[in-house]
Amino acid sequence: MALFVSALIIGVSLGTIYGLMAFGMVASYRISKVVNLGQAGIAAFGASVYWWMSSQWGAPLVVSLFGGVLVGGVLGAILGYANLKLANRAKGLVMIFTLTVTLLLFAWVDLIIPAYNITPPSPFGQGGFNFQLTFITYAQIGTFATCIAVVLVTTWVMRMTRFGMFVRAIYDDPDGASTVGIPLGVYVVGVWAVAGGMAGLAGILATSRVQLDSILLLFVMVWGLAGAILGGLESFALAFVGGVSLGVAEGILGGMLGGDLGPGLENLSAILIMAVGVLYAGTKRRHLAHLQT
Amino acid sequence: MWSRYARFSVLTAGFALAVAACGGGSASLSSTGTSGGGYGSSGGSALAPQAPSSQQNPGSSVSGGSQSQSAPAANNAAPAPAAPGNAAPNGAKPAAGLPVPPPGTVPAPPLPGQPHPAPPASGANFASDVGVTANSITFGAINLASATRSLGPVVSEPTQKITEAALTYINNRGGINGRKLQLLTCDDGGDVTRARACYEKLKTQVFAFLPAETFLTDVIHPALAQDHVPFMSWGWFQSEYTDPYMFPCHANGIREASALAKWVAENKHPKTVGIMYLNVSEDIAAKDTATKTLSQYGIKVVQNISMEWDSPDESQHVLSMRVANPDAIFTFTWAAPLAKFFRDAGGQNWSPPLGYWSNHVTTDPGFGPVWGDYIRDHDAGITSFLIPEPWQEPVSPGNLLWEQVTKQYSGYDVAGLHFKYAMGHHISQAAFVCAIALPQMIGPLGANVTRTAFMQQLEAHQYDTGMGVVLKWPHGDHGQYPYSFNKEYIYQWITSPDGGWEEKHLYPDPLYQ
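Residues numbered from 1 in each chain as written. Chains lettered and ligands numbered in written order. Predicted model: local features only at pLDDT ≥ 70, side-chain atom pairs only at ≥ 80, totals over all residues. Heavy atoms only, no water.

## Brief notes about the overall build of chain A
Thinking step 1. Broken down by element type, chain A carries 12 helices and two strands.
Thinking step 2. Going residue by residue from the N terminus, the α and β elements of chain A occur as α-α-α-α-β-β-α-α-α-α-α-α-α-α.
Thinking step 3. Buried positions account for 55% of the 293 residues belonging to chain A.
Thinking step 4. When contacts within chain A are restricted to residue pairs at least 6 apart in sequence, long-range pairs at least 24 apart make up 76% of them. (Helix = DSSP H or I, 4+ residues; strand = E, 2+ residues; numbered from the N terminus. Buried < 20%, exposed > 50% of the residue type's maximum accessible area, 1.4 Å probe, protein only. Contact = heavy atoms within 4.5 Å.)

Put into structure tokens, the structure is as follows:
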């Protein structure tokens, strides 16, 4: 039991990273129907800004965190503006464009950070405590709490504010929303900016737990995308659930069965579990619709 | 108007990027050389006392082997890989119909497969083979210097710089028989396709390849056999040892695993072990080899963990190892996932009672800060060469020269790292020992430097690196006994007197049998 609980904690901790990455993709997809693969690049760039400010300039962690998220937001806004300009193009083309942005940002990040592995300081400090068979760090708790907070705030904004109402209106009927005077462009850029900020936050929280490595964030984005697809890329809550589910699958498989699985089977098993989840969600989409935020 | 120009510029830049990305690596010439006495038959000054020395291979019928000998290796009795068309018989006259260059012209090197010009009657240097002119010999190196996400700069830049430094060192002493050495490097970015493009680009320009980090060395064997190109390699893949055109300058990981497992079994006596390995063929084979060796001592492997180089977290594997609770853990993996594992294990304040026993990945001098505090007193690793540890024991002659050449020509700051003792890591050592020994390898060939004769020379002689390894490549199978890395070295990370990272040489030295 202790082993299972420990593996579960590790899995949830892993899953929160995926969930954070999925949030931005859900946001930009909802407003533009574009799978935003620029999230990984923005995450890497936001994390490198955070690392640069905190470790090189000596700025306070909170200020650095704000800087990284802000830069992510600006990059997201630029990407949103470009998306507006490409509105008449095929969505697939725009998606590839966002992937190109990620690769360009990766190249930029690789120029900024040292060639050897670095780990930015955690905004939640070092240390932690033993629990069951594992050691829970403050960074894990902070990341999990932040993830929950983002879900709650996003849900509240979408349901209770004028901004959220307009975004939902655009999501349901862009032409109709435009007809009633909702400034489409402003809201699209705004939502992409928020998505960029989320990516920056995800990058900072993920890299301070592991290491600042752009290709690592690309894989985190892929896992996050898999989680987001569980909710049809439309629900923040389901994206969170999907990401956590994937992380739990990895944690339990690696922690409890890692030695029994052959090379590569650990990841493959997690992907299979995820695929089953996605297929299930696809067939039951209508039943999950009420969970959309 | 501006918009059109901007679009044109962007499109042009994009096209250029696409061409650059698809067209293979970029080659850059690094030419070195000033004045000096020279090695080989026409050289005056001797190599520094610390430099590697060569001697005839036991059992070889070849005579000589000293750096001052100039007898063409074509006379050597030891057979070499067949290289039709590459042989340049001594005294042969130019083939009829070949154009005769005007006096004073340095003839262009022959293309692969074409006959080589005969040496001039005067015995002067001439363009005796591909990459060789009357006054230069060009070598090639293919590396992954731009593969940032595979730690390319950290591993490849030191190797490239120390290779360039070694050639400069040689050139400043006159080169080899009056020929200056040049290096053409090509960056494959860690991509085998680009590496193949690098090879195709360089094979008609260079005399031979020098060791560098590239995954090409496992797949290029048919091309080498066709092109008859000597390739001194980094030794990572077992297939390098059985390729007659490849001359590995570093131990093979599978043999390392065998030697390390045997050493731990006989000196640490664990009852149970765990093994972590990267999910690639060489490390899977290393795991299997270690398991087989350990089973001969009755040691049970209670946990096998397959690692992926891109894993975002290793906490679950730490948990898995904690539950299995082995006496010791062997690691045959890559730096990135292992560093994450160490970080997570350190965070959980857990380690196996007898510590970690690693392949050469963890033992590089100067890399302590990269691994972090946890590695101290927890990890020991096996490595091919002695490493300079001035606080522990006298530094070996080869390492003294490594440090001297580094200090004089290169510098310690590479890729953002400040190396504490010497220029880099185990592959940079491998590249250095093979580059610095070129005067011994090529000098005896005199003016008639050919690829065939060079390979015959390598197979007929052995070269003391001064770093605890005598390089030898027996004809037929370069990994057969006497295998160059029959003896290796184990170092344990400890805290240095100044509070930094230090490595302690553990005895006895492990033997591969």
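## What to know about the state of the cysteines
Disulfide: a covalent bond formed between the sulfur atoms of two cysteine residues.
Residue and element names in this part refer to chain B.
Thinking step 1. Evaluation of the coordinates by the stated rule reveals two disulfides over all chains.
Thinking step 2. Here Cys 249 pairs with Cys 434 through a disulfide, and the sulfurs are 2.0 Å apart. What sets the handedness of the Cys 249 and Cys 434 disulfide is the S-S torsion sign, and at about -100° it is left-handed. Taken together, the positions of Cys 249 in the loop between strand 7 (246-248) and helix 6 (253-267) and Cys 434 in helix 12 (residues 426-436) put the pair 185 residues apart, joining distant regions of the chain.
Thinking step 3. Taking the relative accessible area as the measure of exposure, Cys 434 reaches 0% and is therefore buried.
Thinking step 4. The cystine pairing of chain B, numbering bonded cysteines in sequence order, is 1-2, 3-4. (Disulfide = S-S within 2.5 Å.)

## Structural notes on the nonpolar core
All names here are of chain B.
Thinking step 1. Core analysis: the biggest nonpolar cluster contains 93 residues, and Phe 139, Met 232, Leu 438, Met 441, Ile 442, Phe 454 and Trp 473 have the highest contact counts within it.
Thinking step 2. Sorting elements by how many residues they give to this core places helix 2 (residues 152-171) first, with seven residues.
Thinking step 3. Mapped onto the domain boundaries, this core takes at least three residues apiece from domain 1 (27-83 + 123-251 + 426-472) and domain 2 (253-383 + 488-506). (Core = buried A, V, L, I, M, F, W, Y, C linked by side-chain atoms within 4.5 Å. Domains from an automatic or database assignment.)

## Topic: the sheet that holds strand 10 (residues 328-332) of chain B
Residue and element names in this part refer to chain B.
Thinking step 1. Taking strand neighbours across the sheet as the criterion, the seven strands line up as 9-8-10-11-12-17-18 in an open arrangement whose pairing is mixed. At either margin of the open sheet sits one strand with a lone partner, and together these are strand 9 (300-307) and strand 18 (501-506). Looking at each pair of strands side by side, their axes are set apart by 25° on average, direction ignored.
Thinking step 2. Packing of helix 7 (residues 281-295) onto the sheet brings it into contact with strand 8 (272-278), strand 9 and strand 10, and relative to strand 8 it is tilted by some 165°. (Pairing = 2+ DSSP bridges. Axes fitted to C-alpha atoms, helices over the stretch in contact; angles between N-to-C directions.)

## A few points about the packing of aromatic side chains
Thinking step 1. As enumerated under the stated definition, the model contains 24 aromatic pairs over all chains in all.
Thinking step 2. Pairing Phe 209 of chain B with Phe 231 of chain B gives two aromatic rings, centres 4.7 Å apart and planes at 15°, and the pair type is stacked. Taken together, the residues span a long stretch of sequence, with Phe 209 of chain B in strand 5 (residues 208-209) and Phe 231 of chain B in strand 6 (residues 231-233) at a distance of 22 residues.
Thinking step 3. Between Phe 385 of chain B and Phe 485 of chain B the ring centres are 5.8 Å apart and the planes differ by 90°, which places this aromatic pair in the edge-to-face class. Here the residue Phe 385 of chain B occupies a position in the loop between strand 12 (379-383) and helix 11 (397-410), and Phe 485 of chain B occupies one in the loop between strand 16 (470-472) and strand 17 (489-495), the gap between them amounting to 100 residues. Each member of the pair Phe 385 of chain B and Phe 485 of chain B is classed as buried.
Thinking step 4. Through a chain of ring-to-ring contacts, three or more aromatic side chains come together here, namely Phe 341, Phe 342, Tyr 356, Trp 371 and Tyr 374 of chain B.
Thinking step 5. Looking at Arg 30 of chain A, its charged tip hangs above the ring of Tyr 171 of chain A, at a distance of 4.7 Å from the centre. (Phe/Tyr/Trp six-rings, centres within 6.5 Å; stacked < 30°, edge-to-face > 60°. Lys NZ or Arg CZ within 6 Å of the ring centre and 35° of its normal.)

## Some thoughts on the confidence of the model for chain A
Residue and element names in this part refer to chain A.
Thinking step 1. Per-residue pLDDT for chain A averages 83, and the proportion of residues at 70 or more is 91%.
Thinking step 2. Mean pLDDT across the elements of chain A bottoms out in helix 12 (residues 285-288) (52) and peaks in helix 3 (residues 61-85) (95).
Thinking step 3. Note on residues 287-293: pLDDT under 50 across the span, and 18 contacts to partners over four residues away in sequence or across chains. (pLDDT = per-residue confidence, 0-100.)

## With respect to the packing of helix 1 (residues 2-32) of chain A against helix 8 (residues 315-324) of chain B
Thinking step 1. Here helix 1 of chain A crosses helix 8 of chain B at 165°, and the two axes come no closer than 9 Å. Judged by the inter-axis angle, helix 1 of chain A sits roughly antiparallel to helix 8 of chain B. Where helix 1 of chain A crosses over helix 8 of chain B, the two elements pack in a sense that is right-handed. Residues Leu 3, Ser 6, Ala 7, Ile 10 and Leu 14 of chain A of helix 1 of chain A lie in contact with helix 8 of chain B, whose contacting residues are Ser 315, Gln 316, Leu 319 and Val 323 of chain B.
Thinking step 2. Of the residues in the contact of helix 1 of chain A with helix 8 of chain B, the class split is six nonpolar, three polar and no charged. (Parallel < 35°, antiparallel > 145°, perpendicular 65-115°, else oblique. Left-handed = near helix turned anticlockwise from the far one by under 90°. Nonpolar A, V, L, I, M, F, W, Y, C, P; charged D, E, K, R; others polar.)

## Some remarks on the packing of helix 8 of chain B against helix 9 (residues 335-347) of chain B
Residues and elements named next belong to chain B.
Thinking step 1. The N-to-C vectors of helix 8 and helix 9 enclose an angle of 65°; their axes lie 8 Å apart at closest approach. In the crossing of helix 8 with helix 9, the sense of the turn from one axis to the other is right-handed. Residues Ser 315, His 317, Val 318 and Met 321 of helix 8 lie in contact with helix 9, whose contacting residues are Phe 341, Asp 344 and Ala 345.
Thinking step 2. Along the lines of polarity and charge, the residues of the contact of helix 8 with helix 9 split into four nonpolar, two polar and one charged.

## Focus on helix 3 (residues 192-202) of chain B
Residues and elements named next belong to chain B.
Thinking step 1. Within helix 3 the residues assigned to the buried category are Ala 195, Cys 198, Tyr 199 and Leu 202. Along the axis of helix 3, the buried residues cluster in a sector spanning 100°; they form a single face.
Thinking step 2. A side-chain oxygen of the first residue of helix 3 lies 2.8 Å from the backbone nitrogen of Thr 193; this N-cap is Asp 191. (Arc of directions from axis to C-beta. Polar contact = N/O pair within 3.5 Å; in protein donor to acceptor, adjacent residues only side chain to side chain.)

## Section: the pattern of salt bridges
All names here are of chain B.
Thinking step 1. Per the counting criterion, the structure on display carries seven salt bridges over all chains.
Thinking step 2. Glu 200 is the partner of Lys 203 in a salt bridge, and the nearest nitrogen-oxygen pair spans 2.9 Å.
Thinking step 3. Glu 200 gets classed as partly exposed once you look at its relative accessible area, which sits at 33%.
Thinking step 4. Of the charged contacts in the structure, one is a salt bridge between Asp 288 and Lys 287, with a shortest N-O distance of 3.0 Å.
Thinking step 5. Relative accessible area serves as the criterion here: at 41%, Asp 288 is assigned to the partly exposed category.
Thinking step 6. By sharing partners, the salt bridges in this structure join Arg 196, Glu 200, Lys 203 and Asp 227 into a single network. (Salt bridge = Lys/Arg side-chain N within 4 Å of Asp/Glu carboxyl O.)

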